[in-house]
Amino acid sequence: MQVVATLSLKGGVGKTTVALGLAGAAQRHGVSTLVVDLDPQANATTALDPEPTTATVADVLDEPRRAVVERAIAPSAWGEGLDVLVGAEQTERHNHPDPGAAQLHRLDRALQRLADELITDPADEARGLAEERYRLVIVDCPPSLGQLTRSALSAADRAILVTDPTMFSVSGVQRAFDAVQTERERSNDRLQPLGVLVNRVRPRNTEHDFRISELRELFGPLVFNSVLPDRSAVQQAQGACLPIQAWDTPGAREISAVFTSLLGRVLRSASRDRPAASA
């Protein structure tokens, strides 16, 4: 199970859009996925429109027992293979500025409960084969560095740093990168930045070109070659509670291709991790 956090310490850059786009790509390619909505605004939950639950991620962070985790998970309305650990406004009560180690690792413990659960197909049982319930977990973080974001980083294998090509993007990415490095040293030595994804890019915009060049100078190959263009299809698909992959316009197809490429990078990073994990 590969856990990926979508991270930004600057609001309004499209962090949830990236989480949803990656989830849609995973579903389209048959990768069993769980979206964990850690943002108290719960926008990812709204867009994924899951069935009602009797618990939320706030309850999981209160008590990360398997029974509580199961009550907080529901299938997404997007279709088979994509579930949601639903978010809620009450999650804000867990966003302490200076949490202790026990608080930080509650999400990790909850996800480990799911990682330990294997699904065995009857046809494979005789051969001793089983597969993970979720191959990919995507954690959508709030745009702040409190307990919630640090909990995600404590549980994650990779972090996607989301930004936009504006004046404040460089400092926002730098702070997010520093947060990843700090959490890796403190509590999670398997955590690495997957890369920097630039969102809402307008073609032939000199300011955007300048800011992207600035990001590449500072972060080098960490900045993805593919960027997400600024397209109205994103808002249209989210307003209809549909994945961008199901929105049949040229702009949507352009964005979907970027998310397919991002999914490939996520899965390749998981493949590289496996030998180290089994050593």
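All values reported here derive from a predicted model rather than from experimental measurement.

A.B. asks: Is there a simple way to explain the sheet that holds strand β9 (residues 192–198) in this structure?
C.D. replies: The strands making up a sheet associate through hydrogen bonds between their backbones, and the pairing can be parallel or antiparallel. The seven strands are arranged β3-β4-β2-β7-β1-β8-β9 in an open sheet whose pairing can be described as mixed. With partners counted over all chains shown, the strands left at the sheet margins are β3 (73–75) and β9, one partner each. On average, each strand axis in the sheet is inclined to that of its neighbour by 25°, with strand direction left out of account. Across five bridges, the pairing between strand β2 (residues 33–37) and strand β7 (residues 136–140) is parallel. Following the sheet pairing, Leu34 is matched in β7 by Val137. Each of β1 (2–7), β2, β3 and β7 is contacted by helix α6 (residues 106–115), which is oriented at about 160° to β2, the strand it contacts most.

A.B. asks: For this particular structure, what's the right way to read the nonpolar core?
C.D. replies: For soluble globular proteins, the rule of thumb is that nonpolar side chains tend to be buried together. If you look at the biggest cluster of nonpolar residues, it comprises 44 residues, and the most contacted ones within it are Leu34, Val36, Leu38, Leu111 and Val139. In terms of residue count, the dominant contributor to this core is helix α9 (residues 169–186) (five residues). Excluding residues that lie within four positions of it along the chain, Leu38 makes contacts with Val57, Leu61, Thr91, Leu107, Val139, Asp140, Cys141, Pro142, Leu148 and Ala152. Among the nonpolar cores identified, the runner-up in size contains 38 residues, and Val4, Ala47, Ile138 and Ile160 belong to it.

A.B. asks: Looking at this model, I keep getting lost on the pairing of strand β8 (residues 158–163). Mind explaining?
C.D. replies: If a strand is regular, its side chains alternate between the two faces of the sheet. Across the six residues that make up β8, a large majority, six, are buried. Neither face of β8 is exposed, since Arg158, Ile160 and Val162 on one face and Ala159, Leu161 and Thr163 on the opposite face are all buried. Bridging between β1 and β8 involves four bridges; their strand directions are parallel. Residue pairing across strands places Thr6 opposite Ile160, the latter belonging to β8. Looking at chain direction, β8 and β9 are connected through six bridges and run parallel. Looking at the pairing, Ile160 lines up with Gly195 of β9.

Rules of the game
- Residues numbered from 1 in each chain as written.
- Predicted model: local features only at pLDDT ≥ 70, side-chain atom pairs only at ≥ 80, totals over all residues.
- Heavy atoms only, no water.
- Pairing = 2+ DSSP bridges.
- Helix = DSSP H or I, 4+ residues; strand = E, 2+ residues; numbered from the N terminus.
- Axes fitted to C-alpha atoms, helices over the stretch in contact; angles between N-to-C directions.
- Contact = heavy atoms within 4.5 Å.
- Core = buried A, V, L, I, M, F, W, Y, C linked by side-chain atoms within 4.5 Å.
- Buried < 20%, exposed > 50% of the residue type's maximum accessible area, 1.4 Å probe, protein only.

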